[in-house]
Amino acid sequence: MTDERVKELGFAQKLLMRPEMGAFCGVILVLIFFLLIAADNGMFNPDGIQNWSVVSAQFAIIAVGACLLMIAGEFDLSVGSMIGFSGMVLAIASLHFGLPVWVGILLAFVLSMALGAFNGFLVIKTGLPSFIVTLAFLYILRGLTIFMSVTTTNKTILSGMKPLAEEDWLAPFFGGEAFQGFFQWMGNMGWIETYTRGIFEGQPVVSGVPALIFWAVGLVIFAQFLLTRTPFGNWIFAAGGDAHAAAYAGIPVKRVKILMFMFTAFCACVFAMCQVTEFGSAGADRGLLKEFEAIICVVIGGALLTGGYGSVIGAGLGAIMFGVVQQGLFFSGAESSLFRVFLGGLLLIAVITNTYIRRRVIGAGD
Amino acid sequence: MQPPPLPDPILSLRHISKSFGGVKALQDVSIELRPGETTALVGDNGAGKSTLVKVMSGVLRPDEGQYLFEGREVPVNGPRDVARLGVQTVYQDLALCNNLDAVQNLFLGRERTGPWWTGFRVRRAECERRARDVLRRMRLDSIALDRPVGAMSGGQRQNIAIARSILWEPKVVLLDEPTAALSHSAAEQVGALINGLASHGLAVLVISHDIHNFVLENSDRIEVLRLGKNAAHFRSGEVTGEQVVNAMVGGKEGVNSAA
């Protein structure tokens, strides 16, 4: 049942108008670029791939939360402070108060999501832009984290989590690795390199797939399904596209937005839990600038800062691009300051093309 | 000559008053809507038309007055209560989300989902089928279902807003200035659509400024508000445009109150 009067868009045109298209092309381009200039330096050896995919996965975890929140029409600038805070909660709970690690992890999730809810509640209640409310929160939470850490432990960096995490049942879901047997077998078969001396002698250079990667992939799939296949996804788009119209249609806009603030905090907490349990330490200054990096991934992924338009897959691709470029410049020995120049340029290009594409798709003047 | 017996009103508001601060937007206003009839609500700017529609749709709560549905007084605490009675409203600004497509807009907030093990996945195919049915019944087959409504023309957007209101088989439809921003031909199409609703037994209320071209041709009765009060009411076949306009601006009040 098609009607001749409906102008059919060509397949290529439809594809080009998908929000994640730019990020997809970007990932291909940077991969080709670094294959050409950095492959000799080991960037695409197993350990090299693990290196940049872990960095990309870190970006992806926080980008997923920021993506849904941005589509719902809000920002959270306190993501970085939330990472520092929740990591410190875990470290203080288990190292200072001697609680089991899993209790510390649950405590960190409960507290950070409660703070996320409070954040969202403030934005909704005051009607102020989330930009300014969460900017205030960025400072408040960072300051409180340092204060909490100094008054209880006299330190701002707590280490020694590693042995505790290894004995815990919950911590390996954040700091552990999967398929270690498989990687050892691949090492034994000579398919991937093994260490030839030292305490790791005989072990493969990549010992498994870090839990972080599963979190990143899992969160992207979950959020993409939620956004594009469930009623709640429609509500997120509606809340960000036209909150007034959504409310008239009976959408609980406030609840949707507060839930998205909580989800963003959840993602920040996952990031922190992985970091603390894998590397064994927490710092009150962890997560600095992460809120902006998350937003950049989301915008590269095709989302609009004004809300109502975007893609989780796009944000994930943005995170991969981010990780590949950051680590690629490191592998190719380029001056690391160039990374920021590149990032800023990329952000500008992404914003300009997104706005242009949106005008083509949705129509101007609203 | 005896007028034909009228069906009982399905929705009636009695003695409604509503003030905003010191401004009395509505004073002791009453209105009745009957099944199968289109009532036009007319009045000058500031006469209280939109306020009255908002009271009828549950968005505003009146300071005084009764809300009767099918002869019984019903409690109205919000738009959801009214929607549950079977009263749907098409707002002047349409309340469509421009970034969503037609199907998403039609079902927004009332999506049909699969069971829990599908992750409450939206039944997109079923929604599309129902949307297409409704649009075909409205003779609107040319609307693309999968494009953002922001990219559509004013007439198409108006039609989608009306389609959304009748998707749930309401008994009463309230339309706030459905033709205000439309071209002549698009307005005619909307008029035909509204006539179709009434002929299917719905009670329709429509606000319009276009007395000569729209109201006289597409309504059965005309209710005139002036300065927040009932000024007159007419049967559309028994009145000229001039008489209606006079009642609106207060030339000769209540010329014909026979209806």
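Residues numbered from 1 in each chain as written. Chains lettered and ligands numbered in written order. Predicted model: local features only at pLDDT ≥ 70, side-chain atom pairs only at ≥ 80, totals over all residues.

Side note on the interface of chain A and chain B
Link 1 in the chain: Contact with chain A, which involves 25 residues of that partner, is made by 24 residues of chain B.
Link 2 in the chain: Only helix 10 (211-229), helix 11 (231-241), helix 12 (243-248) and helix 16 (337-362) of chain A provide two or more residues apiece to the side of chain A that touches chain B.
Link 3 in the chain: It is helix 11 of chain A that provides the largest number of residues to the side of chain A that touches chain B, a total of five residues.
Link 4 in the chain: In the side of chain A that touches chain B, the residues fall into 14 nonpolar, six polar and five charged. (Contact = placed C-beta atoms within 7 Å. Helix = DSSP H or I, 4+ residues; strand = E, 2+ residues; numbered from the N terminus. Nonpolar A, V, L, I, M, F, W, Y, C, P; charged D, E, K, R; others polar.)

Examining the nonpolar core
Link 1 in the chain: Core analysis: the largest hydrophobic core is formed by 186 residues, its most contacted members being I61(A), A63(A), V64(A), C67(A), L68(A) and V298(A).
Link 2 in the chain: No other element matches helix 13 (residues 253-279) of chain A, which puts 19 residues into this core.
Link 3 in the chain: Here this core spans two domains, and each of domain 1 (6-86 + 172-179 + 197-259) and domain 2 (97-169) of chain B adds at least three residues to it.
Link 4 in the chain: With near-sequence residues (within four places) excluded, A63(A) lies in contact with A294(A), C297(A), V298(A), A315(A), G316(A), G318(A) and A319(A). (Core = buried A, V, L, I, M, F, W, Y, C linked by C-beta atoms within 7 Å. Buried ≥ 20, exposed ≤ 12 C-beta atoms within 10 Å, placed from the backbone. Domains from an automatic or database assignment.)

Quick word on the pairing of strand 7 (residues 172-176) of chain B
All names here are of chain B.
Link 1 in the chain: Counting buried residues in strand 7 gives five out of five residues, a clear majority hidden from the surface.
Link 2 in the chain: Side-chain alternation along strand 7 places V172, L174 and D176 on one buried face and V173 and L175 on a second face that is also buried.
Link 3 in the chain: As paired strands, strand 6 (residues 87-90) and strand 7 are joined by four bridges and run parallel to one another. Within the sheet, the bridge partner assigned to Q88 lies in strand 7 and is V173.
Link 4 in the chain: Where strand 7 and strand 8 (residues 203-207) come together, five bridges link them in parallel fashion. If you follow V173 over to strand 8, its bridge partner there is V204.
Link 5 in the chain: Since strand 7 and strand 8 lie parallel, the crossover through helix 6 (residues 184-199) that links them has a hand, and here it is right-handed. (Pairing = 2+ DSSP bridges. Right-handed = clockwise from strand over helix to strand, strands pointing away.)

Describing the domain arrangement of chain B
Link 1 in the chain: Entries for chain B in the domain assignment read domain 1 (6-86 + 172-179 + 197-259) and domain 2 (97-169).
Link 2 in the chain: With centres defined by C-alpha atoms, the gap from domain 1 of chain B to domain 2 of chain B works out at 29 Å.

Overview of the environment of G120(A)
All names here are of chain A.
Link 1 in the chain: By secondary structure assignment, the location of G120 is in helix 5 (residues 101-126).
Link 2 in the chain: Its 29 C-beta neighbours within 10 Å are what place G120 among the buried residues.
Link 3 in the chain: Taking C-alpha positions, G120 is 26 Å from P19, a pair spaced 101 residues apart along the chain.

Overview of the sheet that holds strand 9 (residues 221-226) of chain B
Residue and element names in this part refer to chain B.
Link 1 in the chain: As summarised here, the arrangement of the six strands in space is 6-7-8-3-9-10, forming an open sheet in which the pairing is mixed. Each edge of the sheet is formed by a strand with only one pairing partner; in this case those strands are strand 6 and strand 10 (229-235). With strand direction ignored, the average angle separating the axes of adjacent strands in the sheet is 20 degrees.
Link 2 in the chain: Bridging between strand 3 (residues 38-43) and strand 8 involves four bridges; their strand directions are parallel. (Axes fitted to C-alpha atoms, helices over the stretch in contact; angles between N-to-C directions.)

Some details on the sheet that holds strand 4 (residues 64-69) of chain B
All names here are of chain B.
Link 1 in the chain: Reading across the sheet, the four strands line up as 2-1-4-5 and stay open at both edges, with antiparallel pairing between neighbours. In the strand order of this sheet, the two ends are held by strand 2 (23-33) and strand 5 (72-73), each with one partner.
Link 2 in the chain: One ladder, built from two bridges, connects strand 4 with strand 5; its direction is antiparallel. Bridge assignment links L68 to a residue of strand 5, and that residue is E73.

Observations regarding the packing of helix 3 (residues 46-71) of chain A against helix 10 of chain A
Residues and elements named next belong to chain A.
Link 1 in the chain: Packing of helix 3 against helix 10 brings their axes to within 8 Å, and their N-to-C directions diverge by 30 degrees. As the angle between them shows, helix 3 and helix 10 are arranged roughly parallel. Considering only the axes of helix 3 and helix 10, their crossing is left-handed. Residue-level inspection shows S53, V54, A57, Q58, A60, I61, V64, C67 and L68 of helix 3 in contact with helix 10, the latter providing L212, I213, W215, A216, L219, V220, A223 and L227.
Link 2 in the chain: The residue inventory of the contact of helix 3 with helix 10, partitioned by class, reads 15 nonpolar, two polar and no charged. (Parallel < 35°, antiparallel > 145°, perpendicular 65-115°, else oblique. Left-handed = near helix turned anticlockwise from the far one by under 90°.)

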